[in-house]
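Each chain, written out:
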Amino acid sequence: MKRVYNFSAGPAVLPEDVLKEAAAEMLNYRDSGMSVMEMSHRSKVYENIIVQAEADLRTLLSIPDHYKVLFLQGGASLQFAMVPINLMKNKVADFIVTGQWAKKAYQEAGRYVKANKIASSEDTTFSYIPDLEDVTVSPDADYVHICENNTIYGTRFTKHPDTKGKILVSDMSSCILSEPIDVTTYGLIYAGAQKNIGPAGTTIVIIREDLIPDELPEWVPTMMQYKTHAENGSMYNTPPTYGIYLCGKVFQWLLQQGGLEAIQKINIAKAALLYDYLDQSKLFKGTVAKQDRSLMNVCFKTDHDEIDSRFLKEAKLAGFENLKGHRSVGGMRASIYNAMPVEGVQALVSFMREFENNIKS
Ligand SMILES: *Cc1c(COP(=O)(O)O)cnc(C)c1O
């Protein structure tokens, strides 16, 4: 059967080459006589896999030595708790609430520290990034938290807020590895793998070493301390072995594409195909402020719910899957992560054009 164009927001499309390679190695990984899923995480052969994955991620993002890379579990949602628990000194944290994930991070942090919402775009269903030119940062904040790309609404930060010297923490679940970033401008970056990296089950944390606390209160579970994982090369307990293996394959694939500068060019071109079409369409329109448009999640709709439903139905029949917008926004959302080929976006735009012409006639 032919593979569909999968525009899912997550878990999401993976590079076909990666899936083929994994399939070829499924029964017998490099003469080990077993699948990666079946091998000890303490074996030499697995150690090579995780060490190489970390090295490749460091190369892709130019991660300096004084930052630790951790492969964890629990999703980005566990980081909503681990970040405040590990970074609390004054027990105050500031949040810029630009979507449902940012709001969840803010609410979860409030269980452990004094969480301040210093800016929000909830007034218009998160359709823009607030002006952060002179946002007031709490003088005693341990950090400022942003959600870099708002998966549900299709907005992204194009520049960082002025944190007045406070540590910047970023949820990059849906945009990590989509373009080059300067890791040193962040104290901590976290991302669930299932959007732009690999399968669900692996969470990546990149943390400046000096932010990892030596001592935490007695009640903090061992598994929720960054120190535990940092001191053990993400091998304190059994890591998500197969997930890390697949993430590693995606890192290799990205390096073969020419790294993040190359993928950024492709991502900009892919997003432009859709946004340019939307900007001239009489039927479809983008749903967020132009200057804040995401390169990864493109949200759009028509003026009529019935036409949206009909579009989604016909798109599915034509092999375009998972275009339905999040239930809180409605309309459509095309998630066009790194692994979505440009042909997929071209085909979608052609389909939309055809649909629009049919409606008119
Ligand atoms: C999907 C997503 C999450 C939640 O991720 P889980 O791994 O399911 O916990 C958090 N933040 C952002 C930006 C997301 O896109």
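Residues numbered from 1 in each chain as written. Predicted model: local features only at pLDDT ≥ 70, side-chain atom pairs only at ≥ 80, totals over all residues. Heavy atoms only, no water.

J.: I'd like a rundown of the sheet that holds strand β11 (residues 285-286), residues and numbers included.
T.: In spatial order, the strands read β11-β12-β14; together these 3 strands make up an open sheet with antiparallel pairing. The two strands at the open ends of the sheet, each matched to only one other strand, are β11 and β14 (332-335). Taken together, the 2 bridges between β11 and strand β12 (residues 297-301) define a ladder with antiparallel strand orientation. Its bridge partner lying in β12, lysine 285 is registered against lysine 301. (Pairing = 2+ DSSP bridges. Helix = DSSP H or I, 4+ residues; strand = E, 2+ residues; numbered from the N terminus.)

J.: Please provide a residue-by-residue account of a nonpolar patch on the surface, values included.
T.: A cluster of nonpolar residues, Met26, Leu27 and Met37, forms a patch on the protein surface that exposes about 330 Å² of accessible area. For leucine 27, the position within the fold is in the loop between α1 (16-24) and α2 (44-61). Look at leucine 27 and you get exposed, because its relative accessible area is 74%. (Patch = residues over 30% accessible without salt bridge, like charges linked within 9 Å, V, L, I, M, F, W, Y side chains within 5 Å. Areas by Shrake-Rupley, 256 points an atom, 1.4 Å probe, with all protein chains shown as cover. Salt bridge = Lys/Arg side-chain N within 4 Å of Asp/Glu carboxyl O. Buried < 20%, exposed > 50% of the residue type's maximum accessible area, 1.4 Å probe, protein only.)

J.: Can you lay out the pattern of salt bridges for me, pointing to particular residues and giving the numbers?
T.: Taken as a whole and judged by the stated rule, the model has 19 salt bridges. For glutamate 16, the salt bridge is made with lysine 20, and the minimal N-O distance between the two is 3.5 Å. Taken together, the residues glutamate 16 and lysine 20, both in helix α1 and 4 residues apart, mark about one turn of the helix. Using a relative accessible area of 40% as the deciding quantity, one classes glutamate 16 as partly exposed. Across the pair aspartate 210 and arginine 208 runs a salt bridge, and its minimum N-O distance is 2.7 Å.

J.: For α2, give the residues involved together with the corresponding values.
T.: Over its 18 residues, α2 runs 26 Å from end to end, which matches the ideal 26 Å to within 8%, given 1.5 Å per residue. Within the sequence span of α2, burial applies to Tyr46, Ile49, Ile50, Ala53, Asp56, Leu57, Arg58, Leu60 and Leu61. On its buried side, α2 packs onto β2 (67-72), β10 (203-208), α6 (241-257) and α7 (259-280). In the stretch just after α2, serine 62 is the one whose phi turns positive, near 45 degrees. (Expected span 1.5 Å × (residues − 1). Contact = heavy atoms within 4.5 Å.)

J.: Lay out the site of the ligand with the relevant residues and their values.
T.: Neighbouring the ligand are 13 residues; Ser77, Thr151, Asp171, Gln194 and Lys195 lie closest to it. A distance of 2.6 Å is found between an oxygen atom of the ligand and a side-chain nitrogen or oxygen belonging to serine 77. With 4 residues, helix α3 (residues 75-87) is the single largest residue contributor to the shell around the ligand. A class-by-class count of the residues in the shell around the ligand yields 4 nonpolar, 7 polar and 2 charged. (Near = heavy atom within 4 Å. Polar contact = N/O pair within 3.5 Å; in protein donor to acceptor, adjacent residues only side chain to side chain. Nonpolar A, V, L, I, M, F, W, Y, C, P; charged D, E, K, R; others polar.)

J.: An account of the packing of α2 against α6 is needed here, citing residue identities and associated values.
T.: Between α2 and α6, the shortest axis-to-axis distance is 9 Å and the interhelical angle comes to 40 degrees. Judged by the inter-axis angle, α2 sits oblique to α6. The two elements α2 and α6 meet at a crossing, and its hand is left-handed. Counted together, Tyr46, Ile49, Ile50, Gln52, Ala53, Asp56, Leu57, Thr59 and Leu60 of α2 and Thr241, Ile244, Tyr245, Gly248, Phe251, Gln252, Leu254 and Leu255 of α6 form the full contact between these two elements. (Axes fitted to C-alpha atoms, helices over the stretch in contact; angles between N-to-C directions. Parallel < 35°, antiparallel > 145°, perpendicular 65-115°, else oblique. Left-handed = near helix turned anticlockwise from the far one by under 90°.)

J.: Tell me about the sheet that holds strand β3 (residues 92-97), and please be specific about residues and values.
T.: Across the sheet, which stays open at both edges, the 7 strands sit in the order β2-β10-β9-β8-β5-β3-β4 with mixed pairing between neighbours. This sheet does not close on itself; its edge strands, each paired only once, are β2 and β4 (114-120). Between one strand and the next, the sheet's axes are offset by a mean angle of 20 degrees, whatever the strand orientation. Relative to strand β9 (residues 188-192), strand β8 (residues 167-171) is paired through 3 bridges, and the arrangement is parallel. If you follow aspartate 171 over to β9, its bridge partner there is tyrosine 190. Packing against the sheet, α2 makes contact with β2 and β10, and its axis sits at approximately 130 degrees to β2.

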